[in-house]
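Given next are the chains, with one letter for each unit.
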Amino acid sequence: MRFWVLMTGGLLIWAAHFLGLYLLASAADVARGDAGAWNLAGLIFSLVCLLGVVVLCWRGVAGLRVPPADETRAFGLRLAIAGGVLGGIGVVFQSLVLLTPA
Amino acid sequence: MSSETGFDPELYKRFPTQEPRPEGELEKLEEVWCGPRKPWEWITAINNNYIGVYYVGAAMLFFVLAGVLALLMRTQLALPMTGFLAQETYNQIFTMHGTVMMFLFAVPAVEALGVLLLPQMLGARDLPFPRLSAYAFWAYLIGGLCFFASLFFGLAPDGGWYMYPPLTSTAYSPGINADFWLLGIGFIEISAIAGAIEIIVGVLKTRAPGMTLDKLPIFAWAMLIFACMIIIAFPSIILSTLLLELERALGWPFFDPAKGGDPMLWQHLFWFFGHPEVYIIFLPAAGAMSTIIPAIAQTKLVGYRLVVLAMLATGFISFGVWAHHMFTTGMPQISINYFSAASMAVSVPAGVQVFAWIATLAAGRMRFNTPGLFAVGGLVIFVMGGLTGVMVAMVPFDWQAHDSYFIVAHLHYVLIGGMVFPLFAAIYYWTPMSSRRPLSERWGKWIFWLMFVGHNLTFMPMHLTGLMGMPRRVYTYLPDRGWELPNMISTVGSFLFGLAVLLWMIDMIRNFRPFGEKDAGNVFGGPGLEWLPSGRYSLRSIPVIRSLYPVWDQPDLARDVPAGRYFLPGAPRGQRETIVTSPINAEPQYLQRMPRPSSWYVWGAIFTAGFFLILTIQAYAVSVVSGILAVFCILKWCWSLDRPSGPATVAVGGGVRLPTYVSGPSSHGWWAMVITLIVAGMVAIMACFSYIFLWSRRPDLWQAPPDLASLPLTLGLLAAAGVGGWMAQGVLKRGQPRSAALSAVLMLAATLAAGGAFANEAAAWWGSGLRPDASSQGATVYALLAWQGTFVGIALLMGPFAVLRWLFGHLSPRHPATFELIALFVAFTAVQGTATSLLVRLFPGAGA
């Protein structure tokens, strides 16, 4: 299971980020409070997700620096890095919505 | 290579074996895997070579039927103000066209392709649950045909394939047409999920030894992701159809704003399934493209790893775009922006795949044979559909184009380019493998060009008719709006497309004729295991895989595999068997005994389809009888499971011995149960979402939950059920003299505790005065209770089932697999009950 989580980590973070932003937006809609505060919460959450992506990619790169135990492990690590980069771009792209004036 | 299971990879070096195979080994294998000999056995057949062909054939039958409906629509729309079809009939026809194409053709077709191809591609004898495949197929075929027949009685659904309430509520759709849709697709949901379980476990657990994840055929990756997406997406449509049917039949107001319901809930639930559905259809087709293009270009796929990542990313991101179908519904602006961004982002992984295909074509020597033409044609059409997809992902444009013919053009470009053309490429590419005879190249090229031109003539003008303002789903239009010419061109194009399909049908009938030569071989020079010589048993021996392109990179396989020089060259126990391997490194784990044909799953499928369909015509007593018979057949089928016999280990070639029985996470049954429970959990999660969503719409209508004093008893009983069920399997495994009896009794007690918890919770809510038809709160609370009650009901069947197995001597510490699955189910029921009870009791709480 750890292998699968590592391999799809970037995409899982993207999914968690998307879900988080959607829930925050829905909560903001129900609460009808200060939109700025909800946006700030969204941005902080996005930064946490980006940090997760960075950690994932770093782990992948570190894993590849020492020769991996086998090709499958290397395949998983490379997929994790590529998925992390893609997930990171997705998180940034999604977060731009928060910076756009309503 | 490091080991995942303790298996020594050095053992692979013993293969191919050199010693001669015993006399009569191949004949015995052929006898064990023999095909049907009597007429009835053609129906009870379970081998993927039969079920796969039946499945593809049935899916293509529905493609043709839905295509005929499309031609009827195009005839009606060829000219303004024609009376070829009555308005009401037109509504039924466009609803059935969409429904049949999406539910009865597209998903089953790609699932069918998986059932047909995966065993050979993975080097397995068959997928791990062949009876499940057969059950799924027969439920789908019988139910699908009856569902389609509703058209001939004027009872077909007429609310569009997405069935939005309030149009489909009893106020505006008082007949049973909508019920046909809601209940009619119930068996398709079951069938799709059964197929998905089969495919996930098959891809993860029945690969040839050495076929590690980095050597997994790209088509198998696509099927794995596709099946996982079904597991996540289909629960949403299961729930939404249940809720709408409950509202229609019993007046539970989930979607009725007057009682706190909200039609938007339907749209959220439907599109959480509906949009991933597009990618559910697309991904296997893309996997086929990524398999076919390297074969026709005779070079390896460029960027295999990136294509795998792109497919995974498509699978993930597709779940973040559902609300782009709802941009015009007045959702909060910021939510719309998120979905718009995700809708644009999903084009990135699709683009990666497209560029990988183009690069592969450029890197190799493109051969313009029929599969090649269909692959390239599909690519062109899909890119065009993708580009208009990016256009409609932009909210201002979507507001203009929404519900116009522009959308009709867009979706057909995506679906035909992304699924239909690749499917035809796949049919032309793999038919020589299945029928041992290639389809006609000359006819194929004619068919391709007719279809390509027909498609573009039909749907290209629809972009214009849409931009000129023609709305979708209208049965006619006024003259002098400038819509006549593009509509006429579309109609002509659709008949060209129809002609292509007709020619293809003739060619298929010619191909599957039961006489003439049948020895096509590897016609297109494909690199996969499916192109090795094979029989009904799939490959004679299961090879050790050392490359992503085994037939190209291990040329001796074509000689050694049919000679039986690899794993499992015969049927060592005289039974149908396959090797089960580990999910990452594909290391051999054990020998799975596979079932032989029987009739229980066929009857189970017939009664399952009967239950849903008879329910539609409101013959409740007959429907219940059909449901009981379906349960009986399935129990009878389950009764024959988990009956190990013979030696504990068996030699499978090269001096390697494998166990013949395992339980727990290593076993294929455990995986199937876990996946089933994920489906159930997803339904519960979506139901909880519905509960919170409806509260957020009208919190003023919600009343306080029952007094918390009754909650501890519920939670206590659920804890007893979960812990008791789990402990029961632990007791069994101890292997003490009375373990079997004690564990059976403990399991029975655990299921009774779950039943007690349910009764206590239901009584508490009933006592609070809340009624399911009173408000959206009542409806969702009782829906959650009903869902939990269903699981408790099944658990209450499982308890006595466990006791009966003990009484009949089928329960022993050495064979705990079935018992473990019951324990998993009971534990899940307890957790689900706890979570849902806590939610409805504590949120929004007494202050509501």
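Criteria and cut-off values
Residues numbered from 1 in each chain as written. Chains lettered and ligands numbered in written order. Predicted model: local features only at pLDDT ≥ 70, side-chain atom pairs only at ≥ 80, totals over all residues. Helix = DSSP H or I, 4+ residues; strand = E, 2+ residues; numbered from the N terminus. Rg over C-alpha atoms; globule rule 2.2 N^0.38 Å. Contact = placed C-beta atoms within 7 Å. Expected span 1.5 Å × (residues − 1). Buried ≥ 20, exposed ≤ 12 C-beta atoms within 10 Å, placed from the backbone. Arc of directions from axis to C-beta. Nonpolar A, V, L, I, M, F, W, Y, C, P; charged D, E, K, R; others polar. Core = buried A, V, L, I, M, F, W, Y, C linked by C-beta atoms within 7 Å. Domains from an automatic or database assignment.

Asks: What should I look at first to understand the overall build of chain A in this one?
Replies: Per the secondary structure count, chain A includes 4 helices and 0 strands. When the helices and strands of chain A are listed from N to C terminus, the series reads α-α-α-α. Relative to the globule expectation of 13 Å for 102 residues, the C-alpha radius of gyration of chain A, 16 Å, shows a markedly less compact shape. The dimensions of chain A, computed from C-alpha atoms along their principal axes, are 55 × 25 × 15 Å. Taking all contacts inside chain A whose residues are at least 6 apart in sequence as the whole, residues at least 24 apart take part in 77%.

Asks: Looking at this structure, how should I read helix α21 (residues 620–639) of chain B?
Replies: All names here are of chain B. Helix length check: α21, at 20 residues, gives a terminal C-alpha distance of 28 Å against a target of 28 Å (1.5 Å per residue), a fit within 8%. Among all positions in α21, only S626, A630 and C633 are buried. Down the axis of α21, the buried set is contained in an arc of 65°. They therefore lie on one face. Set apart from the buried face of α21 by more than 90 degrees, the exposed residues are Y620, A621 and I628. The secondary structure elements touched by the buried residues of α21 are α20 (600–616).

Asks: Honestly, the interface of chain A and chain B in this entry has me stumped. Any pointers?
Replies: Think of interface size as the accessible area that goes away when the parts come together; that is how it is often given. The interface of chain A with chain B comprises 28 residues on the first partner and 26 residues on the second. Only α2 (9–31) and α4 (71–99) of chain A provide two or more residues apiece to the side of chain A that touches chain B. Tallied by class, the residues present in the side of chain A that touches chain B amount to 17 nonpolar, 7 polar and 4 charged.

Asks: Where do I start with the nonpolar core in this structure?
Replies: Note that soluble globular proteins tend to have their nonpolar side chains buried in a common cluster. Residues and elements named next belong to chain B. Grouped together as the largest cluster of nonpolar side chains are 311 residues, with contacts concentrated most on A425 and A754. The leading source of residues in this core is helix α9 (residues 263–297), at 23 residues. Shared between two domains, this core takes at least three residues from each, and those domains are domain 1 (43–250 + 261–511) and domain 2 (664–842). Sequence-distant contacts of A754, defined by excluding residues within four places in its chain, comprise L718, A721, V792, A795, V826, T829, A830 and G833.

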